[in-house]
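Observations on the three-dimensional arrangement
Below, each chain spelled out in residue letters.
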Amino acid sequence: MNIIFIGNLSGCGGLSSSNRAYAIGLHDAGHYVRIIDIDGPEIKAILNIEETQKLSLMKERRIDKDFFVIHSYNPNLFQQLIQKEAKLNVFLTSTYTHAYPAFWARSLQNADQVWVNDIFNKSAVIGCGIDSNKLRVIPRGVDKKTFNEDGPKANIKNFEDDHFLFLSVLPWERKKGWDILIPAFIIRFKDEPRVTLLLKTWKNPDLQIGIKEIEDQIRNIKYQFKNQFGSDPQCHIKVIQHNLGTDQMAALYRKAHCYVAPIRGGEHYSSIMESMSCGTPVITTSNDKLDFLNNDNSIRFDVYGDSLVSLDPDENILRPWFAGHRWIDPNPDSLAKAMGLVYSQKDKLEPIRLKAPESIEHINTSIGFMIKYLNGEKDNTPFKKDTLNDSVSL
């Protein structure tokens, strides 16, 4: 099958990571794939030799007839990038708020199919007027050749190996909950000198926030707690902003005792899935979008009631198509309690650790669904929406 894949393919974020996995997965399945990368000149992901070679090969290919197109990027651009000569134009999309932006829905009216990763997004897209006959669910998957339990663990500079390590991989945006995570961590571990929170982030080209600004924000939070409690917190917070390759990221996941994702919203959950695939237990927000999580394979903490809250004004300015939208409101006290239980009752993490990798689909599963849908099959996948309102008690 001839396939052109147009999307963010070289950046550090979850969308680019997912797109690379899909493109390489299609290539490895024997399809003739050409990629068109629309990522800008900002920081690029570091890839291993095999990934680099495959993506370079796909970038140089030319396809001019009898082809399908998979689009995966900001839907605002779809009308500019639609390929009218294609047999099908398919758009893979998701939203990180309670609804799908109406502007995006209008942009996708000309798509032949619209693919989403879960039942939440399927409902959201239908709610915005997209024809339900166009909708298909593609289950999420990861490259288990890279993200598995069997590889090496990372060596972290200036990190004591007898420390308990919490890890969070996140762009420095409030939707990922860094402003909840840091205070919750300090509150719970202010008297624990052998506990470290490692934040792996990257420069945000839209917000222009670098390592200095991030460290200044963390320092200000620590200063507030020093004024409140009368002494410096004994726990440690370390920030890594330099670029890491996929093999290095897998090693970093394996190194952590627990991965933490206090998200308000998010379109892509690559780091949660990659961490679980590497056998690292995950703490995250009670969120019905995360339909691959359950009480056996993860630890979830509470949000404030059942109501959603409005996005921050800064978020509306940065992404105006989400103006008026809402997202969940994580409870930092519940997060602090969950992290404390994980640390104090480490033995109870083992069943969750063992269950996590088998809960994550291989990328080949995602590819199989893509090919079925391109061949005209309808979406009759037996997806069941889990009830995710109750947090796990360890």
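Quick caveat: nothing in here was measured; it's all calculated off a predicted structure.

**Digging into the overall build of the protein chain**
- If you tally the helices and strands in the protein chain, you get 13 helices and 14 strands.
- Against the globule reference of 21 Å for 394 residues, the protein chain gives a C-alpha radius of gyration of 21 Å, in line with a compact fold.
- Expressed as lengths along the three principal axes of its C-alpha atoms, the size of the protein chain is roughly 70 × 45 × 40 Å.
- Intrachain contacts of the protein chain at a sequence separation of at least 6 include 73% that bridge at least 24 residues.
- Summed over its atoms, the accessible surface of the protein chain is roughly 17,300 Å², and 48% of this surface lies on carbon and sulfur atoms.
- Computed over 48 positive and 49 negative side-chain charges, the inter-centroid distance for the protein chain is 1 Å.

**Concerning the pairing of strand β1 (residues 2-7)**
- Along β1, five of the six residues are buried, which leaves the element largely enclosed by surrounding structure.
- As for the winding sense of the linkage, the β-α-β connection from β1 through helix α1 (residues 14-28) to strand β2 (residues 32-37) is right-handed.
- Here six bridges tie β1 to strand β3 (residues 67-72), and the two strands are oriented parallel to one another. Following the sheet pairing, I4 is matched in β3 by V69.

**Section: the sheet that holds strand β9 (residues 236-240)**
- Read from one edge to the other, the open sheet built from six strands follows the order β9-β8-β7-β10-β11-β12, with strand pairing classed as parallel. With one partner strand each, in any of the chains shown, β9 and β12 (299-301) form the two edges of the open sheet. Here the strands of the sheet are splayed against their neighbours by 25° on average, with no regard to which way each runs.
- Relative to strand β10 (residues 258-261), strand β7 (residues 164-169) runs parallel, the two sharing two bridges. By the bridge assignment for β10, F166 is matched with C258.

**Focus: the packing of aromatic side chains**
- According to the stated counting rule, one finds 19 aromatic pairs in the structure shown.
- Where Y96 meets F322, the ring centres are 4.5 Å apart and the plane angle is 45°; that geometry is what we call tilted. Of this pair, Y96 sits in the loop between β4 (88-92) and α4 (102-107) while F322 is found in the loop between α10 (313-318) and β14 (326-327), placing the two residues 226 residues apart along the sequence. Here Y96 and F322 have matching classes, each one buried.
- Here the aromatic cluster, defined as three or more aromatic residues joined through ring pairs, consists of Y96, Y100, W104, W321, F322 and W327.
- A cation over a ring is seen here: R136 above Y373, with NZ or CZ 5.9 Å from the ring centre.

**Overview of the pattern of salt bridges**
- Counted under the stated rule, the structure contains 17 salt bridges.
- Note that K145 is salt-bridged to E50, the shortest N-O span being 3.3 Å. One end of the pair, K145, is in the loop between β6 (135-137) and β7; the other, E50, is in helix α2 (residues 49-60), and 95 residues separate them in sequence.
- For K145, a relative accessible area of 61% translates into the label exposed.
- Each of D28, E50, K54 and K145 takes part in a single network of salt bridges with overlapping partners.

**Things to note about unusual backbone geometry**
- Phi at D66 takes a positive value of approximately 55°, unusual for a residue other than glycine.
- Examined against the element boundaries, D66 turns out to sit in the loop between α2 and β3.
- One non-glycine residue, N158, lies in positive phi territory at about 60°.
- Looking at the element boundaries, N158 is found in the loop between β6 and β7.
- The class for N158 is exposed, based on a relative accessible area of 69%.

**Brief notes about helix α8 (residues 246-255)**
- Burial analysis of α8 places eight of its 10 residues in the buried class, the great majority of the element.
- Listing the buried residues of α8 in full gives T246, M249, A250, A251, L252, Y253, R254 and K255.
- The inward-facing, buried residues of α8 abut α2, β7, β8 (195-200), β10 and α9 (270-277).

**Digging into helix α11 (residues 332-344)**
- Here α11 contains 13 residues, and its C-alpha end-to-end distance of 18 Å stays within 8% of the 18 Å for a straight helix at 1.5 Å per residue.
- Listed as buried for α11 are S334, L335, A336, A338, M339, G340, V342 and Y343.
- The opening residue of α11, the one whose side-chain oxygen lies 2.9 Å from the backbone nitrogen of D333, is N331.

**Considering the environment of S56**
- Here S56 shows up in helix α2.
- Residue classification places S56 among the partly exposed positions, given a relative accessible area of 39%.

**Quick word on the environment of F229**
- Here F229 is to be found in helix α7 (residues 211-229).
- Spatially, the C-alpha atom of F229 lies 50 Å from that of I126, the residues being 103 residues apart in sequence.

**Focus on the packing of helix α6 (residues 178-189) against α7**
- At a minimum axis separation of 11 Å, α6 and α7 run at an interaxial angle of 40°. Considering their axes alone, α6 and α7 lie oblique with respect to each other. In this structure, the crossing between α6 and α7 has a hand that is right-handed. Each of W178, I182, P183, I186 and I187 in α6 lies in contact with α7, whose residues at this interface are Q217, I218, I221, K222 and F225.
- Its residues assigned to classes, the contact of α6 with α7 shows eight nonpolar, one polar and one charged.

Thresholds applied
- Residues numbered from 1 in each chain as written.
- Predicted model: local features only at pLDDT ≥ 70, side-chain atom pairs only at ≥ 80, totals over all residues.
- Heavy atoms only, no water.
- Helix = DSSP H or I, 4+ residues; strand = E, 2+ residues; numbered from the N terminus.
- Rg over C-alpha atoms; globule rule 2.2 N^0.38 Å.
- Contact = heavy atoms within 4.5 Å.
- Areas by Shrake-Rupley, 256 points an atom, 1.4 Å probe, with all protein chains shown as cover.
- Lys, Arg positive; Asp, Glu negative; His and termini not counted.
- Charge placed at Lys NZ, Arg CZ, Asp CG, Glu CD.
- Buried < 20%, exposed > 50% of the residue type's maximum accessible area, 1.4 Å probe, protein only.
- Right-handed = clockwise from strand over helix to strand, strands pointing away.
- Pairing = 2+ DSSP bridges.
- Axes fitted to C-alpha atoms, helices over the stretch in contact; angles between N-to-C directions.
- Phe/Tyr/Trp six-rings, centres within 6.5 Å; stacked < 30°, edge-to-face > 60°.
- Lys NZ or Arg CZ within 6 Å of the ring centre and 35° of its normal.
- Salt bridge = Lys/Arg side-chain N within 4 Å of Asp/Glu carboxyl O.
- Expected span 1.5 Å × (residues − 1).
- Polar contact = N/O pair within 3.5 Å; in protein donor to acceptor, adjacent residues only side chain to side chain.
- Parallel < 35°, antiparallel > 145°, perpendicular 65-115°, else oblique.
- Left-handed = near helix turned anticlockwise from the far one by under 90°.
- Nonpolar A, V, L, I, M, F, W, Y, C, P; charged D, E, K, R; others polar.

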